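Observations on chain architecture
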Amino acid sequence: MDRTGMPQSSKAQSRPIRRVIGARILASKYDPSKLFDIAIGDRHIVDVSFHDPKSVPSTLPIDILDARGCLITPSLCHPHVHLDKAFLMSDPKFADLKLERGDFAEAMELGRKAKERFSHEDLTRRGRWLVAESVSSGVTYMRAFAEVDESVGFKCLEAAIELKAEFAQYCEIQICLFAQEPVMSGPRGRQNLELFLKAMEYPEVEVIGTTPYVEEESFIHTNIKYAINLGKAFKKHVDLHLDYNLDQAQAPRIGDVIREIRFSSWRPVDECVVAGHCTRYSLFSQEQWENLARSIRNNELPISFIGLPTSDLFIQGRPPDASGGGERARATLQIPQMIQQYGLEGAISINNVGNAFTPHGSCDPLQLASWGIGLYQAGTTTDIECLFECVSSRAKKAIGIKGSGGIEVGAKADMVIYGSPNGNDRVPLSRQRPRLGLQDLVCDPPNIRDRRVIFNGCLVEL
Ligand SMILES: [Zn+2]
């Protein structure tokens, strides 16, 4: 590390790649038993052809990447991650803020205490850890939430803008201006809203994010309406933390979102609307699911759902009284079923990492997809394909990233290569087992040291 706290190696230029040779591509149109060469030009895939071992020179030029025998996939994506609250538990500056009860109220309380101490230095330090570890895992796109309110002012946003520029050659960081606190009600609502609107003037803000459920009951709808109208007026994506409860008595608010988009006559062309958490819908009947899917499809609304299972399951499930009986209700959006059975758009994300909202887990989306096999009881070949898409192509689509979907001619050259070429005898035995299929890759993701990441046609060397 140098004096800025930036890992030294991240200052190296990414290396442009002209051709990836001998890779195993996992897509239905490619024979999984064959190896392929992928040609790259102007940041895009320009050709995919059968690999000819005889055409490989004994010494490879620096712009040809040896992937002989290795699995290659499209790159990964965090569609929802809190950049400013990452790794509070790893940073000595916040060491005194320990979990004692481990519940949502305490997480909010510790989050507020931490925010009062946030400085540009620790925000960028912790943010760098998050981005660097994510990119090393294969993430080349992320939607990063940056909070703006009375306690932090523009500190989180300005740190996010700095990190976006600093890591531009490795990863596209899409900044979501985020109101975690009330902006329509409560003693600080008015001041929070004024700051939020002022922050909209930063050109780097691409997404408007709010948390309707933190408002007083009678202002939840106002929050949703305001966010949708801002999205329409400023042509921005909208991202709502919504319906984070398991209470049959609380009316789900997704209907408000649909109605507000329709009543505002917003016809988004490039913008998307996302609803995250939404655990309340786990109480839906099949009929309610079908009605929801129909109203989104029939009105051609660009609404996606992001499941945040690690946070959902940690925050919920507390027994209703101190005796701690067996009653531990918890749930998370059943994303694979929403996609497969109801034709909805969805993805999954890590949300938080290393803080009181989600103490556990890493920055690796593949690890999250792997946990999804057990969480969603989704272990068939089709399910596993779906889980991979939920941290790759579906995640990118949900946040409005275009052209970075698959390994095919015309797609952006954003890819991850797993393992070492021509067998793994140069790495320790504990890392030699190959991953030759998607099942193997998702069921037990390889070490991030055994992944090579290509973004915009360049090899990431962090
Ligand atoms: Zn979140």
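Quick notes on the rules
- Residues numbered from 1 in each chain as written.
- Predicted model: local features only at pLDDT ≥ 70, side-chain atom pairs only at ≥ 80, totals over all residues.
- Heavy atoms only, no water.
- Salt bridge = Lys/Arg side-chain N within 4 Å of Asp/Glu carboxyl O.
- Helix = DSSP H or I, 4+ residues; strand = E, 2+ residues; numbered from the N terminus.
- Buried < 20%, exposed > 50% of the residue type's maximum accessible area, 1.4 Å probe, protein only.
- Donors = N, O, S within 2.8 Å, 3.2 Å for Na, K, Ca; no water.
- Tetrahedral: all angles 85-135°; square planar, octahedral: opposite > 155°, others 65-115°.
- Contact = heavy atoms within 4.5 Å.
- pLDDT = per-residue confidence, 0-100.
- Domains from an automatic or database assignment.
- Buried area = accessible area lost by both parts, 1.4 Å probe.
- Axes fitted to C-alpha atoms, helices over the stretch in contact; angles between N-to-C directions.
- Left-handed = near helix turned anticlockwise from the far one by under 90°.
- Nonpolar A, V, L, I, M, F, W, Y, C, P; charged D, E, K, R; others polar.
- Pairing = 2+ DSSP bridges.

1. Observations concerning the pattern of salt bridges
Inspection of every chain in the model, using the stated rule, returns 35 salt bridges. The partner of Glu166 in a salt bridge is Arg128, with the nearest N and O atoms 2.6 Å apart. Taken together, the positions of Glu166 in helix 3 (residues 155–166) and Arg128 in helix 2 (residues 120–137) put the pair 38 residues apart, joining distant regions of the chain. With relative accessibility at 23%, the residue Glu166 sits in the partly exposed group.

2. What about the coordination of the zinc ion?
For a metal with four donors in a tetrahedral arrangement, the ideal angle between donors is 109.5 degrees, while six donors in an octahedron ideally sit at 90 or 180 degrees. In the first shell of the zinc ion, the protein supplies His80 (NE2), His82 (NE2), His241 (NE2) and Asn351 (OD1), at 2.1 to 2.3 Å from the metal. Classification of the site at the zinc ion as irregular follows from its 4 donor atoms and the range of 82 to 169° in their angles at the metal. Sequence positions of the residues that donate to the zinc ion give the spacing H-x1-H-x158-H-x109-N. With a gap of 271 residues between them, His80 in strand 7 (residues 76–82) and Asn351 in the loop between strand 14 (345–348) and helix 10 (365–375) connect regions that are remote in the sequence. Just as His80 is buried, Asn351 falls in that class too.

3. Remarks on the side chain of Thr140
Inspection of the secondary structure assignment puts Thr140 in strand 8 (residues 139–147). Under the relative-accessibility criterion, Thr140 is labelled buried at 0%. When neighbours within four sequence positions are excluded, Thr140 is seen to be in contact with Ser75, Leu76, Tyr170, Cys171, Glu172, Asp414, Val453, Ile454 and Phe455.

4. Brief notes about the confidence of the model for the protein chain
In the predicted model, the protein chain carries a mean pLDDT of 93, and the fraction of residues at 70 or more is 96%. Across residues 1–10, confidence stays below pLDDT 50; counting only partners more than four residues off in sequence or on other chains, it has 19 contacts.

5. A few points about the domain arrangement of the protein chain
Along its sequence, the protein chain is organised into domain 1 (12–75 + 405–459) and domain 2 (76–398). Centre-to-centre, using C-alpha coordinates, domain 1 lies 32 Å away from domain 2. If you look at the interface, domain 1 gives 23 residues, while domain 2 gives 27 residues. Surface buried jointly by domain 1 and domain 2 totals about 2000 Å² across both partners, of which 57% is contributed by carbon and sulfur atoms. Taken as a group, Ser75, Val442 and Phe455 account for 32% of the area that domain 1 buries against domain 2, more than any other trio of residues on that side. Where domain 1 touches domain 2, the interface holds 1 salt bridge.

6. Considering the packing of helix 10 against helix 11 (residues 381–390)
Contact pair helix 10 / helix 11: the axes reach a minimum separation of 9 Å and the direction vectors enclose 145°. Viewed along their axes, helix 10 and helix 11 form a crossing whose handedness is right-handed. From helix 10, Leu366, Ala369, Gly372 and Ile373 reach across to helix 11, where they touch Ile384, Leu387 and Phe388. Partitioning the contact of helix 10 with helix 11 into residue classes produces 6 nonpolar, 1 polar and no charged.

7. Re the environment of Ser420
Locating Ser420 in the fold gives a position in the loop between strand 15 (415–418) and helix 13 (438–443). Look at Ser420 and you get buried, because its relative accessible area is 19%. Between the alpha carbons of Ser420 and Asp450 there is a distance of 7.0 Å; along the sequence they are 30 residues apart. Beyond its immediate stretch of four places on either side in the chain, Ser420 contacts Cys70 and Val427.

8. Some points on helix 6 (residues 254–263)
Ile254, Asp256, Val257, Ile258, Glu260 and Ile261 are the residues of helix 6 that are buried. Looking at the buried positions of helix 6, the neighbouring elements they touch are helix 5 (220–234), strand 11 (237–242), strand 12 (273–277), helix 7 (286–298) and strand 13 (303–307). At the exit of helix 6 stands Ser265, carrying a positive phi of roughly 60°.

9. Considerations on the pairing of strand 3 (residues 36–41)
Of all 6 residues that make up strand 3, 5 are buried, and the element is covered over most of its length. The sheet contact formed by strand 2 (residues 19–25) and strand 3 spans 3 bridges and is antiparallel. Pairing of Val20 across the sheet is with Ile38, part of strand 3. One ladder, built from 6 bridges, connects strand 3 with strand 4 (residues 44–50); its direction is antiparallel. Counterpart to Ile40 in the pairing with strand 4 is Ile45.

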